[in-house]
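Coordinate inspection notes
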Amino acid sequence: MSEKPLHFMPTEGFRERSKAVVENEFLQKSFRAAMDFLMTKRAAQFPDADELESLRRLGERIRQNSLDKLPALLTQLETNLTRNGIHVHWAENADQANAIILDICKKHGAKRMVKGKSMVSEEIEFNHAAEAAGVEAIETDMGEYILQLAGEKPSHIIMPAIHKTKQQIAKLFAEQIPGVAYTEDVDALIQIGRTVLRQKFLEADIGLSGVNFAVAETGTLCLVENEGNGRLSTTAPRVHVAITGIEKVVEKLEHVPPLFSLLTRSATGQAVTTYFNMISKPRQPGEKDGPEEVHLVLLDNGRTQPYADEELRKTLQCIRCGACMNHCPVYTHIGGHAYGTTYPGPIGEIISPHLMGLEATATLPSASSLCGACGEVCPVKIPIPDLLVRLRSEINSKPGSGSPLQGQGAGYSRLMTAVWRGWAAIYANPAFYRLYSWLVSRFNWLTPAGQGGWTSVRTPLRPAPKRLRDLLAERE
Amino acid sequence: MTEAATCRPPRPQAVYFFATCVVDQFFPGAGLDAIRLLEREGITVHFPENQTCCGQPAYTSGFHDEARRVARAQLELFPEPWPIVVPSGSCAGMMKHHYPALFAADPALTAKAVAVSARVYEFTEFLVTVLGITLEDRGGPTKVVLHTSCSARREMGVHLTGRALLGQLNQVSVAQQEHEAECCGFGGTFSVKHPEISGAMVQDKVNALRATGAERVVSADCGCLMNILGHAAWKDRQEGRTRPSLPGEHIATFLLKRTGGAQ
Amino acid sequence: MRRTDSPHPGVASRPDGGSARDRILARLKAAQAGGRYPTPAAGEWYGPRDRNESPAERARRFQANMEAARAEVYRVNDGNWVEKLREILAAKGLTNLLLAPATPHGRLARQGLTGGAVACLAYDRPIEAWKPALFNDVQASLTAARGAIAETGSLILWPDADEPRLMSLVPPVHIVLVDAGTIHATFFDALQAENWAAGLPTNALLISSPSKTADIQQTLAYGAHGPKELVVLLKEVA
């Protein structure tokens, strides 16, 4: 695994990528329109603020309960899945997960894979591993299919192709799919995708999917979707492999309805999705379809790191609805690709540092104005702004002086530390502060006209000639 | 406001005024006007001379030891059991919601921080929920637009109080901007660390505010005002306007002016 | 910067023996969580929200929600549903229908359609024996629903040997027979009342609309991968 074509190094080039997007008027308009659409739809699903708040509290408690008992629930899930006839695998990292899946392919001589939407499979860059192993892995979610044709990555976890226009997709289809004429008609485009992918479903010998909730009590994998490709991927081929992060487990079956409701309403503003697919067993004797073998891969890939810390553990409450990105003014202005991570937006800023280490992601937690919109809409009440602030402190502190996080101190700078120490020395001492503030007010004419990033779109900041304390003194 | 009136805490004789470093150094007039408004209500306003800054800039930048040192220096400023009025949602939010956790390692300081945080009020919140202030508008007809800071809105939950105060002014109509709840892009050091993103955000904010046709923008947060007015002025300069296309001020200044000044 | 042997911090090249499973569980156990949260009871949230609605009101709510999601809903009864089915098939110009002759409703439908323009097909062999035909030739299917949910306008299906999983998924038109008496107020109510936790089938499904997507510029389009049309025959007690 010495070479991976799409190595993520989000910190490198983050500024350039985001700058390119904010300067692109067309993208600004289309992201804005898309986010307005999703925000409006979500709001319409929660007309009753009290109901929303109490349901969020329940969702939070369910997820906290899951994490609280995580090792026991994973063992219970494994026991029940195994009893049901589903094979359970454990992977500590992407390489192990890819190896497990490709090994299953090999065992069955499977060369043609259909994939339901799975962000975890993006996280482990499965498609590259599959290609290297000679397995054709076809994305079947319409958005993912479009991106696979275009050679791109998702820019949103729920609406992967949200950055693309129908004109771009029309052009892409006409160029990439033999015999297809250019059309901007969305229904026609979807029917083209349907026709191509139906053939893939028909021919596939293995299917891969993600998991939205894994129920420990019953040994059940739940999948949420609108298109039906998830059901096809998990039903039509002879083998189904599901992959999920270890945090997706819930204790009880009765915990599923509230989380499902929070998920669909928060994500796309739907009361319910078209399909809710609960898989508990492989094909049983006498049954005429469904996979003969079902596998579940439980992936750590860094999740045990935030788990070890009571505050950071809240990161794992996430049910991947994407509402935080839909409501994030930064995401709205830069789109998903600028982040350079599998999971963009606010949730990406707090989960990616654990999946990839802080060296690679040191810029991300700073890319937030801490406006709090993400935390406000999070259906399981993850305190995202607080976690961003926590990560900033882990990044900026001297290596070895913070928590044992991979890459802790990656953003440590002696200069910045000295600047803040100097600031604290002045502001923690009233006499120093009085002197300092007196000087900057009296000599405010010395304020530089260029103040770095501030003055790129603003007039310079200039202290008032007299401080409030001076005005108060003059009154007396 | 009858509901607020029934559950209002007792009216204090005196308050502490924690001006914030931004008001002390950049918007002293706003601080003075807030104090005058409180005094006009018969409240004795104490300005602890040793106050500096709540510590938020270092805190949100991830320099927590430095933030703690500065915050620590503020904890001793409020010995009497008076409310602490802060003319900024974000500094009030820092003191109210982050001080206790900041000192979590030291039980004695935690207790002190909790005692302080319990008495912190954002300025407009204090006028409405504690004083139940009644305002009589003495100005001519005007249209303003209100920008509420994200901290006031989401951390303090006081996004309705500024609007309630403006609503008492008969001759003032309050315009409704698009994407009202969206951040102006200030975010403290965010505006310097990510100037392109912050710049795009403030540009959208200023466009939305200007599109309302309001004569001015008012806000209870000077951080947002620095950002919004700074961009509006920059844009005016870029486009050769000599008169500000979007003037603005702290809500305290506006309220005081509209209601006849300090008397 | 990124480790090439592992994209993942903290777990790379640690040849300390044991399986991945043991190491993951050991890391989780070392975190010493546990015991602070009682298992939440979802019923405490759903209970107070229970609407005291009559079966008729519940059926109306179910129908309204399904129709809002572009399903066609027809009120039928034991005496007329086959006739309604025939009408629908004719109106849509369909010439074949996949059904389950071993079920009572499948038998009735087949009897009712015999001699007409619609050929009745049966899912009577494993999928491997006729996959291309199912994908390419079948125009419509008829299955029963085990129940339904009023709150979200959802059908509950537990596919089985008679009505396998692909039957409600591959044909472009899916017709579902559901008994109005089986409509639950919420998903939670359904799985509590029927004690699903005691034993789930291979596959349990909620279906709430025809297959759809909004992946192209947030424009809603139906018939993404599953049925383009969903027809519900809502059977009431005559």
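Owing to the predicted nature of the structure, the values given are computational and were not obtained by experimental measurement.

The next point concerns the pairing of strand S5 (residues 142–147) of chain B. Residues and elements named next belong to chain B. Among the six residues in S5, five count as buried, and that is most of the element. In this sheet, strand S6 (residues 172–175) lies alongside S5 in parallel orientation, the contact comprising four bridges. Bridging from a neighbouring strand, Val-145 pairs with Ala-175 of S6. Where S5 meets strand S7 (residues 216–219), four bridges bridge the pair, whose relative direction is parallel. Within the sheet, the bridge partner assigned to His-147 lies in S7 and is Ser-219.

Facing 60 residues of chain A, the contacting portion of chain B comprises 63 residues. Roughly 5400 Å² is buried in total at the junction of chain A and chain B, and carbon and sulfur atoms are behind 64% of that figure. Of all residues in chain A, A:Trp420, A:Arg458 and A:Leu468 give up the largest surface area on contact with chain B, accounting jointly for 13% of the area buried on that side. Counting across the chain A and chain B interface gives seven salt bridges. One salt bridge connects A:Arg15 with B:Glu196, and the closest N-O pair in it is separated by 2.9 Å.

With that out of the way, let us pick up the pattern of salt bridges. Oppositely charged side chains are able to pair whenever their charged atoms sit close together. The final tally for this structure, using the stated rule, is 60 salt bridges over all chains. One salt bridge in this structure joins A:Glu78 and C:Arg21, with 2.7 Å as the shortest N-O distance. Within this pair, whereas A:Glu78 is found in helix H4 (residues 70–84), its partner C:Arg21 is found in helix H1 (residues 20–30), the two belonging to separate chains. Since its relative accessible area comes to 13%, A:Glu78 is described here as buried. Using a relative accessible area of 25% as the deciding quantity, one classes C:Arg21 as partly exposed. The closest approach of N and O atoms between C:Arg23 and A:Glu92, which form a salt bridge, is 2.6 Å. Taken as a pair, C:Arg23 in helix H1 and A:Glu92 in the loop between strand S1 (86–91) and helix H5 (94–107) lie in two separate chains rather than in one. C:Arg23 gets classed as buried once you look at its relative accessible area, which sits at 17%. Connected through salt bridges with shared partners, the residues B:Arg210, B:Lys235, B:Asp236, B:Glu239 and B:Arg241 form a single ionic network.

All names here are of chain B. The domain boundaries assigned to chain B delineate domain 1 (9–130) and domain 2 (135–258). In this assembly, 29 residues from domain 1 lie in contact with 23 residues from domain 2. Surface buried jointly by domain 1 and domain 2 totals about 2000 Å² across both partners, of which 71% is contributed by carbon and sulfur atoms. Our count for the domain 1 to domain 2 interface comes out at zero salt bridges. Seen at the junction of domain 1 and domain 2, the total is nine residue pairs in polar contact (both at pLDDT 80 or more). Among the residues making up the side of domain 1 that touches domain 2, the classes are represented as 13 nonpolar, 10 polar and six charged.

Contacts between protein chains span two pairs of chains, and they are most numerous for chains A and C. Contact between chain B and chain C is absent, and the least distance between their C-alpha atoms amounts to 20 Å.

Listing the buried residues of H1(C) in full gives C:Ala20, C:Arg23, C:Ile24, C:Leu25, C:Arg27 and C:Leu28. Those residues of H1(C) that are buried are in contact with H4, S1, H5 and helix H13 (304–307) of chain A. Just downstream of H1(C), C:Gln32 is the residue with a positive phi angle, here 55 degrees.

On to the sheet that holds strand S4 (residues 206–209) of chain A. Note: strands within a sheet are paired through backbone hydrogen bonds, in either parallel or antiparallel orientation. Residue and element names in this part refer to chain A. The strand order across the open sheet formed by six strands is S1-S10-S7-S4-S2-S3, and the pairing between neighbours is parallel. For this open sheet the edge positions go to S1 and strand S3 (136–139), each flanked by a neighbour on one side alone. Taken pair by pair, the neighbouring strands of this sheet meet at an average axis angle of 20 degrees, ignoring direction. Pairing of S1 with strand S10 (residues 293–299), which is carried by six bridges, proceeds in the parallel orientation. When the bridges of S10 are listed, Trp-90 appears paired with Leu-298. Relative to S1, H4 is tilted by about 145 degrees, and along the sheet it contacts S1 and S10.

What follows covers the side chain of C:Ser209. Position of C:Ser209 among the secondary structure elements: in the loop between strand S9 (203–207) and strand S10 (212–213). At a separation of 2.8 Å, a polar atom in the side chain of C:Ser209 contacts the side chain of A:Thr274. Not counting residues within four places of it along the chain, the set of residues in contact with C:Ser209 comprises A:Thr274, C:Met66, C:Ala69 and C:Leu230.

This part takes up the sheet that holds strand S2 (residues 44–46) of chain B. Residue and element names in this part refer to chain B. Pairing is parallel in the open sheet, where four strands are placed in the order S2-S1-S3-S4. Two strands bound the open sheet, and with one partner strand each, they are S2 and strand S4 (120–122). Averaged over all adjacent pairs, the angle separating strand axes in this sheet is 35 degrees, with direction ignored. Sheet topology note: the strand S1 (residues 14–17)/S2 ladder contains three bridges and is parallel. Bridging from a neighbouring strand, Tyr-16 pairs with His-46 of S2. Sitting on the sheet, helix H6 (residues 89–102) is in contact with strand S3 (84–86) and S4, with an inclination near 160 degrees to S4.

Cut-off values and rules
Residues numbered from 1 in each chain as written. Chains lettered and ligands numbered in written order. Predicted model: local features only at pLDDT ≥ 70, side-chain atom pairs only at ≥ 80, totals over all residues. Heavy atoms only, no water. Buried < 20%, exposed > 50% of the residue type's maximum accessible area, 1.4 Å probe, protein only. Helix = DSSP H or I, 4+ residues; strand = E, 2+ residues; numbered from the N terminus. Pairing = 2+ DSSP bridges. Contact = heavy atoms within 4.5 Å. Buried area = accessible area lost by both parts, 1.4 Å probe. Salt bridge = Lys/Arg side-chain N within 4 Å of Asp/Glu carboxyl O. Domains from an automatic or database assignment. Polar contact = N/O pair within 3.5 Å; in protein donor to acceptor, adjacent residues only side chain to side chain. Nonpolar A, V, L, I, M, F, W, Y, C, P; charged D, E, K, R; others polar. Axes fitted to C-alpha atoms, helices over the stretch in contact; angles between N-to-C directions.

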